[in-house]
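Coordinates in review
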Amino acid sequence: MERIGRVSVFLLSVALALFLFSFCVTSVNAGTKTDRPQWMDSSVAKLKGELASKFGEAQREREERGLNQVAQFWRSEDGNADEFETFVRGNFAGDQTTLDAMFDRFEALLEQIDGHMLEVSLACRRQSDLDLGPIMPFDEVFAGWDPSAHVLDDFFQNKLAFIALLNFPLTTLEQRLNEGDKWTRRQWAEVRLTQRFSKRIPAEVNQAIAQAGAVSDQYISEYNVWMHHLLNQKGERLFPAKLRLLSHWNLRDELKAQYANAEGGLERQRMIQLVMERIVDQTIPDVVIDNPHVDWNPFTNEVSRAAVEDSDEPAPPDMKISNAREPDTRYARWLGNFHAMQVVDRYSPSQPTHIQRVFESGRQLSEARVQAMLEQVLGSPQVGKVAAQIRKRLGRRLEPFDIWYNGFRASAGADEAQLDALVAKKYPDAAAFQRDLPAILRALGFAPGRADYVARHIVVDPARGSGHAMGAAMRGAPAHLRTRIERGGMNYKGYNIAIHEMCHNVEQTFSLNDVPYYTLHGVPNTAFTEALAFTCQNRDLELLGMARPDARSKALGTLNTFWGAYEIAGVALVDMQAWRWLYAHPDATPAALREAVLGIAREVWNRWYAPVFGVRDVTLLAVYSHMINNFLYLPDYPIGHMIAFQVEAQMEKAGNFGAEFERVARIGAVAPDLWMMAATGQPVGPEALLAAVEKALASL
Ligand SMILES: [Zn+2]
């Protein structure tokens, strides 16, 4: 769940998007019409007749399709009529043997290119991604450089892209949804191969996206709050020394952990909520961000020189202490990313907004369908019933931060400090986690041989941020598990995330190394990899040698998942509405965006949460850092919960976690509903989750 930062954005949206999940802009209008040379129509007409007589009637449909696809993207600078005709005559694969050779070679070489580009990129980002000490200005330049930015341009220039377009099919989302179930794996692989050439975005545009992403990623990954320096109304410190929490992930997780703290937990939770609200509305004093040298009372917003020291660094001698608020940097970074993505619009006439591209290309579920699925969860009768359970268990009215209630978890009773100690002892550093991978995988249910096979494909690195998983892009190369290790060892939060990220790596390993065709590698979209990751994360305590969940705690787990889906569905709606607002107000200032997001967050809250919580105008839903630097990624979480539930139920039915995980991870990057049909026999949807909640409620 914690794919922090630009790594996922950068790779999914910029580099690998061209390759893995592809920008699937496949409409017949994909080329820029105004660039179409005047001679094109007559050349196309001439070649059609010529090629049909040369290669026979059986090839006519392919010829027509290929010619039209090339014509969509051919610009005057690519060559004149003669050059176009010579190109087509010389590169049309008119028989199956030639076509097979071409397909095999493209597959093999694209894999080499993707794989090695990614290796170069990872090397350049090493200092900024990993916990390796200060980031120098030149490190940021390295991290912002995308070696694959020019590949697509080059492939149009040297005409390899045109060769693919001449010989393999471009498809629409509609075709893939309606006809995809009749296609063979080879046909699907051809579809995915051509998709990467379905857009012609200039390299400088991709470069600008990568740079804007790098700037916002750094902003997010250094946005820490030093908790010992928060003072309550009585001037007391509620949190231990050295506790440094990254917004929003660690803040939220600390809030969750405080449910287990009968003494003072509630006061701490209220304080964290206040901190979050001040981040969202930007009344947080600028000087307190990632600064252990000041004390801050979030109630009054007063700031003073720290009365206690809990960091190893001395205070800078020139530090100016004031409670001047953060100057809307949060929203300026968001706008920076929006403007970078907006430039792509003009090169994508069939999907002229980032919103459309995210939903129809990457996610392959329409925005309307996603919205409907989210609202189906938010408006379900199960919400009220589960909320009543929570009120009963807490023995009080709900407060807004109870959107993060986690008392249904079996772990809620466990002492977080004890867990921290257990985990820190087991995993003092990244190498210890690395060594334990085979054992963890066996404990999850992978056969010894398969556990070793996967473990050999994973490299564990200490992350600067909260952790993320980075799959490889060529067979044999390792996936990277980036995990946050505090001084003194991994803590329980870090471990919980590491298990999640490790599971991404497991999926990445199977779905790259064990699918029949390279271009079919991966899963349909990121919600699927999240779904698979949740299935391991749910078992994190079991993996520490604690009790295996019984029927009751399984039912509680279902309610926990559901409550999480309810929470994140609202967060996703805020993200989606904010992007719609951005497109309606492309020239907005950071301050205007701030006000809009606050308004949207309140509106979503008032519609779906206020009736349950009895409080209006809460802005907490907008605290997610993803909104700033992860471009509409958030809807994948609630969809992920739905899918996870479908997948988990399937694995339970199958009775062998390891084997079943491998089977579904090897289905490949077909359309989402098709994948789900192959995995579970049902299309994607929240019905399985809602039905399970009913069952869980009845059993409790
Ligand atoms: Zn994840």
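Heads up: these notes are all about the structure in this document. As the structure is a computational prediction, the values presented were derived from the model and not from experiment.

**A word on helix H18 (residues 416–426)**
Burial in H18 covers these residues: Glu 416, Leu 419, Val 423 and Ala 424. Summarising the axial view, the buried residues of H18 lie within an arc of 130 degrees, below the 170-degree limit, and thus occupy one face. Relative to its buried face, H18 has exposed residues pointing more than 90 degrees away, namely Gln 418 and Lys 425. Here the buried face of H18 lies against helix H12 (249–257), helix H21 (492–513) and helix H23 (540–543).

**Things to note about the nonpolar core**
Ranked by size, the top nonpolar core spans 172 residues in total, and within it Trp 334, Phe 433, Tyr 495, Trp 579, Tyr 609, Phe 661 and Trp 675 carry the most contacts. Top contributing element to this core by residue count: helix H24 (residues 551–584), with 19 residues. Sequence-distant contacts of Phe 661, that is, excluding residues within four places in its chain, are made with Phe 446, Cys 503, Val 506, Glu 507, Phe 510, Leu 532, Thr 535, Cys 536 and Met 651.

**Considering the state of the cysteines**
Every disulfide links exactly two cysteines, by a covalent bond between their sulfur atoms. The tally for this structure, following the rule as stated, stands at one disulfide. Disulfide pairing places Cys 503 opposite Cys 536 at an S-S distance of 1.9 Å. Residue Cys 503 is found in helix H21, and its partner Cys 536 is found in helix H22 (residues 526–537); the two are separated by 33 residues along the sequence. Neither Cys 503 nor Cys 536 differs from the other in exposure class; each is buried.

**A short note on the packing of H21 against helix H29 (residues 657–665)**
Each pair of packed helices can be described by the angle between their axes along with the distance between the axes. At a minimum axis separation of 8 Å, H21 and H29 run at an interaxial angle of 55 degrees. Judged on the interaxial angle alone, H29 and H21 are oblique. Pair H21 / H29 crosses with right-handed handedness. Where H21 abuts H29, its residues Cys 503, Val 506, Glu 507, Phe 510 and Ser 511 lie against Phe 661, Glu 662 and Ala 665. Per-class residue counts for the contact of H21 with H29 are five nonpolar, one polar and two charged.

**With respect to the packing of aromatic side chains**
Counted under the stated rule, the structure contains 35 aromatic pairs. Judged by centre distance (5.3 Å) and plane angle (80 degrees), the ring pair of Phe 156 and Phe 162 falls under edge-to-face. Here the two residues Phe 156 and Phe 162 agree in accessibility, since each one is buried. Ring plane angle 70 degrees and centroid distance 4.9 Å describe the contact between Phe 528 and Trp 675, whose orientation is recorded as edge-to-face. Pair noted here: Phe 528 is in helix H22 and Trp 675 is in helix H30 (residues 672–680), with a separation of 147 residues, a long-range link. Across the pair, Trp 675 and Phe 528 agree in class, each one buried. The positively charged end of Arg 450 is found above the aromatic ring belonging to Tyr 453, 4.2 Å away from the centroid. A cation sits over an aromatic face here: Arg 539 above Phe 657, 4.7 Å from the ring centre.

**Some details on the pattern of salt bridges**
Charged atoms that come close allow side chains of opposite charge to pair. Tallying each qualifying case throughout the model produces 39 salt bridges. Here Glu 190 makes a salt bridge to Arg 186, at a shortest N to O gap of 2.8 Å. Separated by four residues within a single helix, Glu 190 and Arg 186 lie in helix H10 (residues 185–195), roughly one turn from each other. Classification of Glu 190 by relative accessible area gives buried; the value is 11%.

**What to know about the side chain of Glu 326**
Looking at the secondary structure, you find Glu 326 in the loop between strand S4 (302–305) and helix H14 (329–344). In this structure, Glu 326 is buried with no salt-bridge partner, the nearest side chain bearing the opposite charge being Arg 330 at 6.8 Å. For Glu 326, the side chain forms a polar contact with the side chain of Tyr 219, separated by 2.6 Å.

Criteria and cut-off values
Residues numbered from 1 in each chain as written. Predicted model: local features only at pLDDT ≥ 70, side-chain atom pairs only at ≥ 80, totals over all residues. Heavy atoms only, no water. Buried < 20%, exposed > 50% of the residue type's maximum accessible area, 1.4 Å probe, protein only. Helix = DSSP H or I, 4+ residues; strand = E, 2+ residues; numbered from the N terminus. Arc of directions from axis to C-beta. Contact = heavy atoms within 4.5 Å. Core = buried A, V, L, I, M, F, W, Y, C linked by side-chain atoms within 4.5 Å. Disulfide = S-S within 2.5 Å. Axes fitted to C-alpha atoms, helices over the stretch in contact; angles between N-to-C directions. Parallel < 35°, antiparallel > 145°, perpendicular 65-115°, else oblique. Left-handed = near helix turned anticlockwise from the far one by under 90°. Nonpolar A, V, L, I, M, F, W, Y, C, P; charged D, E, K, R; others polar. Phe/Tyr/Trp six-rings, centres within 6.5 Å; stacked < 30°, edge-to-face > 60°. Lys NZ or Arg CZ within 6 Å of the ring centre and 35° of its normal. Salt bridge = Lys/Arg side-chain N within 4 Å of Asp/Glu carboxyl O. Lys, Arg positive; Asp, Glu negative; His and termini not counted. Polar contact = N/O pair within 3.5 Å; in protein donor to acceptor, adjacent residues only side chain to side chain.

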